[in-house]
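Examination of the molecular architecture
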Amino acid sequence: MTRTPALYAVAGATAGRALRHIWRPRVAGLEHLPADSGAIVCANHLSVGDQLFLGVTVPRHIAFWAKAEYFRATGLRGTLTRRVVTGMGAIPVERAGGRAVLSAFDAAVPILRAGGLVAIFPEGTRSPDGRLYRGRTGAVRLAERAGVPIVPAGITGTGRARPADLFRPRRRPVSITFGPPLEVAGQAGTAAAVRALTDELMSRIQALTGQAFVPSYAPRAAPGDGTAR
């Protein structure tokens, strides 16, 4: 099991505590998360706050993907950004996609094999209308490569949350539900198998959220936002 970065722990005890107090998210199914071994957490993606709510409700460190530009930012603000994303244990992902995005896989595999958790939003970007879109296959391919299961997660209630709203009380409740893990090892040897496992993953997420499903990929409104390609 990997260690929780110091900054991540401090953020959880301060900003995380404030978020939990203000929003009082309802959490179910935490028993499906492994206590000390690696896994990929795959959730639907409704708003910019989804990463934060996953982070403050899971009692273990989660490594999120972050735009590689954050790790190369310059100036005073850039220096602060670099220290934050590095201190939080984020994984850099290139916005260019294609071959460049494979560097994020290379960084995620050692974390998973060492017993850490990595979060991926398989839709590839935030949902533009609250519906659940077809999943991209990156999460399944990563799980097969690292030899870890995928834990589906369903998030509701964050759909209209903007960054400025996160520390303001909201009437609409936030709920995060984790489902039984999807075992991938030894089952994703072909492209057809990878596609079928990805479809099964999205079906499990839909069962947790009750969202209407769209059998096509979501339009990319926010490229490089830390999601699976």
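Presented here is a report on the structure given in the accompanying data block. (Residues numbered from 1 in each chain as written. Predicted model: local features only at pLDDT ≥ 70, side-chain atom pairs only at ≥ 80, totals over all residues. Heavy atoms only, no water.)

Regarding the overall build of the protein chain
- Counting its secondary structure elements, the protein chain contains eight helices and 10 strands.
- Total accessible area on the protein chain is roughly 10700 Å²; 56% of this is exposed by carbon and sulfur atoms. (Helix = DSSP H or I, 4+ residues; strand = E, 2+ residues; numbered from the N terminus. Areas by Shrake-Rupley, 256 points an atom, 1.4 Å probe, with all protein chains shown as cover.)

What about the packing of helix 6 (residues 102–113) against helix 7 (residues 138–146)?
- Axis separation between helix 6 and helix 7 bottoms out at 9 Å; the angle between their running directions is 50°. Judged on the interaxial angle alone, helix 7 and helix 6 are oblique. The handedness of the crossing between helix 6 and helix 7 comes out as right-handed. Contact with helix 6, carried on its side by Phe105, Asp106, Ala108, Val109, Leu112 and Arg113, involves Gly138, Arg141, Leu142, Arg145 and Ala146 of helix 7 and no other residues of that element.
- Of the residues assigned to the contact of helix 6 with helix 7, the class counts are six nonpolar, one polar and four charged. (Axes fitted to C-alpha atoms, helices over the stretch in contact; angles between N-to-C directions. Parallel < 35°, antiparallel > 145°, perpendicular 65-115°, else oblique. Left-handed = near helix turned anticlockwise from the far one by under 90°. Contact = heavy atoms within 4.5 Å. Nonpolar A, V, L, I, M, F, W, Y, C, P; charged D, E, K, R; others polar.)

Side note on the pairing of strand 9 (residues 175–178)
- When strand 1 (residues 26–28) meets strand 9, the two strands line up parallel, connected through three bridges. Note that in strand 9 the partner of Ala28 across the bridge is Thr177.
- Relative to strand 9, strand 8 (residues 150–156) runs antiparallel, the two being bridged by four bridges. Each residue of the ladder has a partner; that of Gly154, found in strand 9, is Thr177. (Pairing = 2+ DSSP bridges.)

Overview of the pairing of strand 6 (residues 117–120)
- Residues Leu117 and Ala119 point to one face of strand 6 and Val118 and Ile120 to the other, with burial holding for every one of them.
- Judged from the four bridges that link them, strand 2 (residues 39–43) and strand 6 form a sheet pairing that is parallel. The residue bridging Cys42 from the neighbouring strand is Ile120, located in strand 6. (Buried < 20%, exposed > 50% of the residue type's maximum accessible area, 1.4 Å probe, protein only.)

Description of the pattern of salt bridges
- In total, this model carries four salt bridges according to the counting rule given.
- Here Arg195 ties to Asp199 by a salt bridge, and the two come within 3.0 Å at their closest N and O atoms. Placement of the pair is Arg195 and Asp199 together in helix 8 (residues 191–209), with a separation of four residues, close to one helical turn.
- Salt-bridge contacts for Arg204 lead to Glu200; the nearest nitrogen and oxygen are separated by 2.9 Å. Residue Arg204 and its partner Glu200 are both found in helix 8; the two are separated by four residues, about one turn of the helix. (Salt bridge = Lys/Arg side-chain N within 4 Å of Asp/Glu carboxyl O.)

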